[in-house]
Amino acid sequence: MAEIGTDIKKAAALLTQGELVAIPTETVYGLAGNALNIDAVAKIFSAKNRPQFDPLIVHIPSLSFAKNYVHEIPKKAERLAQLFWPGPLTLVLDKKDDIIPALVTSGLNTVGFRSPDHPLARKLLTALPFPLAAPSANPFGYVSPTTPEHVNEQLGNNISYILDGGTCSIGIESTIIGFEEGEPVVLRLGGLSVERIEAVTGKIKVFEHSTSNPVAPGQLKSHYAPGKPLKLGKLEELLQHYPAHEVGILSFSHDYNSKYQRILSPGGNPEEAARNLFQFLRDFDKMPVSIILAELLPDAGLGRAINDRLKRAAAVDN
Ligand code: TXA
Ligand code: MG
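An account of the accompanying structure is given in this report. Since the structure is predicted, the reported quantities are computational estimates derived from the model, not experimental observations.

**Observations concerning the packing of helix H4 (residues 75-84) against helix H7 (residues 194-201)**
- With their axes 11 Å apart at the nearest point, H4 and H7 run at an angle of 125° to one another. Taken together, H4 and H7 sit at an angle that is classed as oblique. Relative to H7, the crossing made by H4 is right-handed. Mapping the contact onto sequence places Lys76, Arg79, Leu80, Leu83 and Phe84 in H4 and Arg196, Ile197, Val200 and Thr201 in H7.
- For the contact of H4 with H7, the class distribution of residues is five nonpolar, one polar and three charged.

**Concerning the side chain of serine 193**
- Relative to the helices and strands, serine 193 is located in the loop between strand S10 (183-188) and H7.
- The residues contacting serine 193, other than those within four sequence positions of it, are Gly301 and Leu302.

**Some details on the sheet that holds strand S13 (residues 247-251)**
- Read across the open sheet, the four strands follow the order S12-S15-S13-S14; overall the sheet is parallel. Looking along the sheet, the strands with just one partner apiece sit at the ends: strand S12 (230-232) and strand S14 (261-263). Neighbouring strand axes in the sheet, compared pairwise and without regard to direction, differ in orientation by 20° on average.
- Examined bridge by bridge, S12 and strand S15 (residues 291-294) share three bridges and lie parallel to one another. Each bridged residue has a counterpart across the sheet, and for lysine 231 the counterpart in S15 is leucine 293.
- Lying on the sheet, helix H9 (residues 270-285) is in contact with S12, S13, S14 and S15; it crosses S13 at an angle near 170°.
- Packed onto the sheet, helix H10 (residues 302-314) meets S12, S13 and S15 and runs at close to 125° relative to S12.

**Remarks on the sheet that holds S10**
- One open sheet holds the eleven strands; their spatial order is S1-S8-S2-S3-S7-S4-S6-S5-S9-S10-S11, and the pairing between them is mixed. Every interior strand has two partners, whereas the edge strands, strand S1 (3-5) and strand S11 (205-206), have only one.
- Alignment of strand S2 (residues 21-23) against strand S8 (residues 161-163), held across two bridges, turns out to be parallel. Note on S8: the bridge partner recorded for alanine 22 is isoleucine 162.
- In the packing of helix H2 (residues 38-48) onto the sheet, contacts are made with strand S3 (30-34) and strand S7 (132-133), and the angle to S3 comes to roughly 155°.
- H4 rests against strand S5 (89-94), strand S9 (175-180) and S10 of the sheet, and its axis sits at about 155° to S5.

**Description of the nonpolar core**
- With 74 residues, the main nonpolar core has Leu91, Phe113, Ile177, Leu250 and Leu277 as its most contacted residues.
- For this core, the element with the highest residue contribution is H9, accounting for seven residues.
- A domain-level breakdown of this core finds at least three residues from each of domain 1 (3-206) and domain 2 (230-313).
- Phenylalanine 113 has contacts with Ile57, Val58, Ile60, Ala66, Tyr69, Val70, Trp85, Leu89, Thr90, Leu91, Leu93 and Ile100, leaving out every residue within four places of it along the chain.
- Ile8, Leu124, Leu125 and Tyr161 belong to the second largest nonpolar core, which has 17 residues in total.

The rules we used
- Residues numbered from 1 in each chain as written.
- Chains lettered and ligands numbered in written order.
- Predicted model: local features only at pLDDT ≥ 70, side-chain atom pairs only at ≥ 80, totals over all residues.
- Heavy atoms only, no water.
- Axes fitted to C-alpha atoms, helices over the stretch in contact; angles between N-to-C directions.
- Helix = DSSP H or I, 4+ residues; strand = E, 2+ residues; numbered from the N terminus.
- Parallel < 35°, antiparallel > 145°, perpendicular 65-115°, else oblique.
- Left-handed = near helix turned anticlockwise from the far one by under 90°.
- Contact = heavy atoms within 4.5 Å.
- Nonpolar A, V, L, I, M, F, W, Y, C, P; charged D, E, K, R; others polar.
- Pairing = 2+ DSSP bridges.
- Core = buried A, V, L, I, M, F, W, Y, C linked by side-chain atoms within 4.5 Å.
- Buried < 20%, exposed > 50% of the residue type's maximum accessible area, 1.4 Å probe, protein only.
- Domains from an automatic or database assignment.

Read these as spatial facts, not as claims about activity.
This is how it looks when you write it as structure tokens:
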């Protein structure tokens, strides 16, 4: 198992030696390594058992750090970074050359940048002379971790240190924005709502997930799977079809009075639901149920990103 602590100097020293450290961000925990060190980056892929066609996000303290690595920054990207960084937003920009190794970006000519909004992550990033490549700190295909314990349970044997920043305040991964001729498009729904982005950019295209030829491999349906099969639908109807003692119930706000239920937000708040989502999906793994029954949230704000994760979890045969 890995050591869990709050020692930034220790984290910085390990990262400088090319080792991996799990780091807190406001979205989910990341599995970080020196983005400019190909051996460190290779360790990330192998620790997560992640296929090399799935590129990593590069974490930086602010937009000015991206300027060393990209050709030009679209006007709308600058504006979004000004307004929403640090925060749950990843910007995919045209990559300059190979200062950032091709392994980080899976050979693409673009690179995803994010400036995370967590005090420990920010202290660490400003202390280091290099950016951090960091995917979510979970085995490939599984739900992302939102506490140091989640990381330790699944990757504790593959890393030596987990920087403890408590429970993630947003709870789902960043929104990923790419650019087509300077115009933003949503490649992955996430912790920054489309409405907040559109208030700045005007109407934007959202790529819904697909199984073939993903633009962002985060669009693969098989992502975000909990350990048990998940069925989506109207809970009242689903509950008629499954024996009560075998099901776990994941509701948005309704109380079904079941021992094996989790209510994402009793007050019907999508931000609270996002904070609870991945913890609750993990909780079902430890319950004596064989299937999770879940319902979609109203398709607005973070509800949209939560629905995206639920649909992908439901698409997995396990
Ligand atoms: O909130 C987050 O984004 C977290 C924290 C740790 O920052 N990170 C995260 O990383 O969710 P990961 O690796 O689990 O998901 C990142 C997604 C991947 O699916 C990847 O395909 C996409 O970002 N991505 C990265 N670089 C890309 C690029 N150049 N073009 C398109 N998609 C890219
Ligand atoms: Mg991930």
